[in-house]
Amino acid sequence: MAKKENVASVLAFEKKLVVSDGYMYGTLWADRSEVVPLALREKSVRGTISNRLKPAIQNDPAKLNAEVEKANLQRVDACALAPEQDTLNLQFTIKVLGGITEPSACNNALFKQSYRAAAAGYIENQGFTELARRYATNLANARFLWRNRVGAENIEVQVRAKNSTLDQSWIFDATQFSTKHFDSHDAQINALATHIATVLSSEEDFLLLDINCFAKVGRAQEVYPSEELVLDKGKGEKSKILYDVNGLAAMHSQKLGNALRTIDTWYPEFSDQQTSAGPIAIETYGAVTNLGKAYRTPKDKQDFYSFFDLWARGEKLNRIEDEHYVMAVLVRGGVFGESDKE
């Protein structure tokens, strides 16, 4: 069969892990029966000049003094616990969906047939067990707290799984689970992972996960909602704008979702302690924006498309880890159409 006969120029998959925004509250670790919504506060501060200066200014003390005397006035958003609070409470939900064998859009019947067979084979042989265990681990270790996780004395993650036939809860001590690897063997993580895997392997089942996390960060300590991307900052406007929903400090669903899918330890450089970024988020090219690096390049044939174009047409990949990676990208969802032009 010629390749151009098996090309889907329109191909898309709906995401199978649908994450809500996360909402932030303050409370006391010793008494978490009542939580209080956290609001943003605006601060006006007089900062100092700290950017790298031109050599002409660096080498002239008079010019340097004149430069550092300039006021670096800033208006910024901030968020902190109240003086009587020592614990951050973050709440959000995740909906897990089935139906991975059916693209939401596909304009080539031959490709759709070969993809269905490949996806069905993965479900039969692997059953999403490995991916689900990694997603569950990222809930248990509270990776989704991001900067709020650093320096927390205690972290408790409460997970409740619900659907038409299930209502089960687990409580995790996040400090007992590493964010550097997925080698933990825990009965509660395995139980949660089993439910996630069952739904991902299904045709149309669903699972709603209710996440309620408590992190003891210290009295009146600053906490970190998501920061808004403002492309056009006028002079005198705030230099940092944090995310809130109707006055309630919040974290973007995209940021929480990124933490949940930070499961890729299969990229080539992971085993190299000098260049590894640790587990990275599932991306088509292994992009880590804060490092300015793509860990999965088409040149090395390690990107999603290099694997997917073979696998979805019925060819076997060299490693099962590559299949895990491909299916994780499809769980993430997106548009993956291919042109039939050479």
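Above this text is the structure in question.
Remember, predicted model here, so these are calculated numbers, not experimental data. (Residues numbered from 1 in each chain as written. Predicted model: local features only at pLDDT ≥ 70, side-chain atom pairs only at ≥ 80, totals over all residues. Heavy atoms only, no water.)

A. Representation of the overall build of the protein chain. Tallying secondary structure elements over the protein chain gives eight helices and 18 strands in all. Here the C-alpha coordinates of the protein chain stretch approximately 75 × 55 × 40 Å along the principal axes. Relative to its 342 residues, the protein chain shows a buried fraction of 45%. If you take every contact in the protein chain between residues at least 6 apart in sequence, the share linking residues at least 24 apart comes to 73%. Looking at the protein chain as shown, the accessible area adds up to about 18,100 Å², and 48% of this sits on carbon and sulfur atoms. For the protein chain, the separation between the mean place of its 41 positive charges and that of its 45 negative charges on side chains is 5 Å. (Helix = DSSP H or I, 4+ residues; strand = E, 2+ residues; numbered from the N terminus. Buried < 20%, exposed > 50% of the residue type's maximum accessible area, 1.4 Å probe, protein only. Contact = heavy atoms within 4.5 Å. Areas by Shrake-Rupley, 256 points an atom, 1.4 Å probe, with all protein chains shown as cover. Lys, Arg positive; Asp, Glu negative; His and termini not counted. Charge placed at Lys NZ, Arg CZ, Asp CG, Glu CD.)

B. Up close: the sheet that holds strand β8 (residues 105-106). With antiparallel pairing, three strands are arranged side by side in an open sheet as β8-β1-β18. Across the chains shown, the open sheet's two edge strands, defined by having one partner strand only, are β8 and β18 (334-335). (Pairing = 2+ DSSP bridges.)

C. Region of interest: the environment of L310. Mapped onto the elements, L310 comes out in helix α7 (residues 304-311). Not counting residues within four places of it along the chain, the set of residues in contact with L310 comprises E315 and L317.

D. Expanded view of the pattern of salt bridges. In this structure the tally under the stated criterion is 15 salt bridges. Here R133 ties to E130 by a salt bridge, and the two come within 2.9 Å at their closest N and O atoms. Of this pair, R133 and E130 both sit in helix α4 (residues 129-140), three residues apart, roughly one helical turn. (Salt bridge = Lys/Arg side-chain N within 4 Å of Asp/Glu carboxyl O.)

E. Focus on the nonpolar core. F144, L209, F308, W311 and L330 are the most contacted members of the largest nonpolar core, which has 78 residues in total. Those residues in contact with L330, other than ones at most four positions away along the chain, are F13, E14, I100, Y115, F304, F308, W311 and F336. (Core = buried A, V, L, I, M, F, W, Y, C linked by side-chain atoms within 4.5 Å.)

F. Summary view of the layout of surface pockets. A volume near 640 Å³ is recorded for the largest pocket. Lining the largest pocket we find 18 residues, and of these W146, N258, T262, V288 and N290 sit closest to its centre. If you list the elements that add at least two residues to the lining of the largest pocket, you get α6 (253-260), β15 (280-281) and β16 (287-288). Taken together, the residues of the lining of the largest pocket break down into eight nonpolar, five polar and five charged. Each pocket or cavity is described by its volume, and for the second largest pocket that value is around 320 Å³. Surrounding the second largest pocket, 14 residues form its lining, K15, L17, G257, R261 and R332 being those nearest its centre. Those elements that place two or more of their residues in the lining of the second largest pocket are β2 (17-19), α6 and α8 (320-332). Here the lining of the second largest pocket takes five residues from α6, the largest share from any one element. (1 Å grid on protein atoms, 1.4 Å probe; cavity = no way out; pocket = protein on both sides within 12 Å on 5 of 7 lines; lining within 4 Å. Points joined across faces, edges and corners; volume = space filled by probe spheres on them. Nonpolar A, V, L, I, M, F, W, Y, C, P; charged D, E, K, R; others polar.)

G. Local environment of the environment of P37. Inspection of the secondary structure assignment puts P37 in strand β4 (residues 31-37). The exposed category is assigned to P37, whose relative accessible area is 51%. Measuring from C-alpha to C-alpha, the distance between P37 and N89 comes to 9.1 Å, with 52 residues separating the pair along the chain.

H. Highlighting the pairing of strand β9 (residues 154-162). Pairing analysis gives nine bridges linking β9 to strand β11 (residues 206-216), with the strands arranged antiparallel. Bridge pairing in β11 links I155 to A215. Alignment of β9 against strand β10 (residues 167-173), held across seven bridges, turns out to be antiparallel. Looking at the pairing, K162 lines up with D167 of β10.

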